[in-house]
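If you want the building blocks of each chain, they are given just below.
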Amino acid sequence: MVENCQIVDDVIELLEDRDRRIYENIFQTEPPSVDITRRDTSDNIDRFYTMTEEELSSSAHKTCLELLDAAAQINREIKVINDKFASSDFDVEKFPSSLPLKNFTLTQTGAGTGPKLNPFYKTVRTHTGIDLMAPFGSDVVATANGTVVEVVKSGKGLGNCVVLDHNGIQTVYAHLNEVEVRYGERVRRGEVIGTVGNSGTTFASALHYEVRVMGRGMNPVDYFFAELSPYTFNEMSVRALTGGQSLD
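Please read all numbers here as calculations on a predicted model, not as lab measurements.

**Q** Please give an account of the overall build of the chain that cites residues and values.
**A** Within the chain, the secondary structure is distributed over four helices and eleven strands. Per-residue burial for the chain yields a buried fraction of 37% across its 248 residues. Looking at the chain as shown, the accessible area adds up to about 14200 Å², and 53% of this sits on carbon and sulfur atoms.

Dropping the structure here:
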């Protein structure tokens, strides 16, 4: 019983961390300010054994009222968020919240954004995206509905590269082998736009993926919440952060 409660507490903690990052980094706002304090699980369980039936009933009633108040507050804050999006041009289908590779596993996580060791010059440089390892020729898919605003075929830099626009948010898919879309084409989430390659300046076959908002590079991991469990989200964040050397 105690172990199960601890597992639930751990999951809630991961959920809270993921939600906080999503609200802060993507929506530029604070998460719902509901704080249901979790005390040490073993103390809570032991306390119940010493309670009378009347005390247990009173405690349960009080907890239910607290949960109802918390649920009501969350509903109010969710309504505010929904109203905000309803009054704007936000389109969930055009929001890049999925992964650019199918059947993704954690072991494919490479270096993320930030200062990373460049494999060619052996100097620390700012890495503007995340490296996702995959076999040569693997399908690369659009992470949301969007329009192709740039197609580059080059043997340098990001190599063969596709840039999609999703209502002001841009996603970048670089070092491709084959490019399956053309400039101006509209694509849908999950549609194949190219294949993994090693074109341009890269150390190995992989996809270099970026998310840009108003031209500013964001942490792509924060945008993968639609497909990742809290545990996987947290683990991928750690791997991307601690990856010391990029592939490009």
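What follows continues from the structure just given.
**Q** Describe the nonpolar core, listing the residues and the values that go with them.
**A** Within soluble globular proteins, side chains that are nonpolar tend to cluster in buried spots. Membership of the largest hydrophobic core comes to 32 residues, with the highest contact counts inside it found for Val 140, Val 162, Leu 164, Tyr 173, Ile 193, Leu 207 and Met 236. Among the secondary structure elements, those contributing two or more residues to this core are β3 (130-133), β6 (160-166), β7 (169-179), β9 (192-196), β10 (206-213) and α4 (230-242). Tallying contributions element by element places β7 first for this core, with four residues. Excluding residues that lie within four positions of it along the chain, Leu 207 makes contacts with Pro 100, Leu 101, Ile 130, Asp 131, Leu 132, Val 140, Tyr 173, Ala 174, Leu 176 and Val 196.

**Q** Please provide a residue-by-residue account of unusual backbone geometry, values included.
**A** A positive phi is found at Lys 122, a non-glycine position, where the angle reads about 55 degrees. Relative to the helices and strands, Lys 122 resides in the loop between β1 (114-117) and β2 (124-127). Even without glycine at this site, His 175 takes up a positive phi of about 65 degrees. As for its position among the elements, His 175 is in strand β7. For His 175, a relative accessible area of 1% translates into the label buried.

**Q** Residue-level account of α4, with values.
**A** If you check α4, its first and last C-alpha atoms are 18 Å apart, about what 13 residues at 1.5 Å a residue would give, namely 18 Å. Of all the residues in α4, the buried ones are Pro 230, Phe 233, Met 236, Ser 237 and Ala 240. In an axial view of α4, the angular spread of the buried residues amounts to 130 degrees, which keeps them on one side of the axis. In α4, those exposed residues whose orientation departs by more than 90 degrees from the buried face are Tyr 231 and Thr 242.

**Q** Report on the side chain of Glu 210, specifying residues and quantitative values.
**A** Its place among the elements puts Glu 210 in strand β10. Residue class for Glu 210 comes out buried when judged on its relative accessible area of 4%. Among the polar contacts listed, one links the side chain of Glu 210 to the side chain of Thr 128, at a separation of 2.7 Å. Setting aside residues no more than four positions away along its own chain, Glu 210 makes contact with Thr 128, Gly 129, Leu 158, Gln 170, Thr 171, Val 172 and Pro 220.

**Q** Pulling in residues and values, what's your account of the pattern of salt bridges?
**A** Pairing is possible between side chains that carry opposite charge, provided their charged atoms lie close to one another. For the coordinates displayed, the defined rule picks out four salt bridges. Of the charged contacts, one joins Glu 93 and Arg 189 as a salt bridge, the two residues approaching to 4.0 Å between their closest N and O atoms. Of the two residues, Glu 93 sits in the loop between α3 (53-86) and β1 while Arg 189 sits in the loop between β8 (186-187) and β9, which places them 96 residues apart along the sequence. For Arg 189, a relative accessible area of 28% translates into the label partly exposed. Ionic pairing is found between Glu 210 and Arg 212, a salt bridge with its closest N-O pair at 3.0 Å.

**Q** An account of the pairing of β9 is needed here, citing residue identities and associated values.
**A** Counting buried positions over the five residues of β9 gives four, a clear majority of the element. Relative to β9, β7 is paired through two bridges, and the arrangement is antiparallel. Counterpart to Val 179 in the pairing with β9 is Gly 194.

**Q** So what's going on with the packing of aromatic side chains? Which residues, and what values?
**A** Across all of its chains, the model carries five aromatic pairs by this definition. Judged by centre distance (6.3 Å) and plane angle (45 degrees), the ring pair of Phe 95 and Phe 225 falls under tilted. Here the residue Phe 95 occupies a position in the loop between α3 and β1, and Phe 225 occupies one in the loop between β11 (216-218) and α4, the gap between them amounting to 130 residues. Linked through ring pairs, Phe 95, Tyr 223 and Phe 225 together constitute an aromatic cluster.

**Q** Lay out the confidence of the model for the chain with the relevant residues and their values.
**A** Residues of the chain with pLDDT of at least 70 account for 76%, and the chain-wide mean is 83. pLDDT under 50 marks residues 36-42. Its contacts with residues more than four places away, or in other chains, come to 13 contacts.

Calculation rules
Residues numbered from 1 in each chain as written. Predicted model: local features only at pLDDT ≥ 70, side-chain atom pairs only at ≥ 80, totals over all residues. Heavy atoms only, no water. Helix = DSSP H or I, 4+ residues; strand = E, 2+ residues; numbered from the N terminus. Buried < 20%, exposed > 50% of the residue type's maximum accessible area, 1.4 Å probe, protein only. Areas by Shrake-Rupley, 256 points an atom, 1.4 Å probe, with all protein chains shown as cover. Core = buried A, V, L, I, M, F, W, Y, C linked by side-chain atoms within 4.5 Å. Contact = heavy atoms within 4.5 Å. Expected span 1.5 Å × (residues − 1). Arc of directions from axis to C-beta. Polar contact = N/O pair within 3.5 Å; in protein donor to acceptor, adjacent residues only side chain to side chain. Salt bridge = Lys/Arg side-chain N within 4 Å of Asp/Glu carboxyl O. Pairing = 2+ DSSP bridges. Phe/Tyr/Trp six-rings, centres within 6.5 Å; stacked < 30°, edge-to-face > 60°. pLDDT = per-residue confidence, 0-100.

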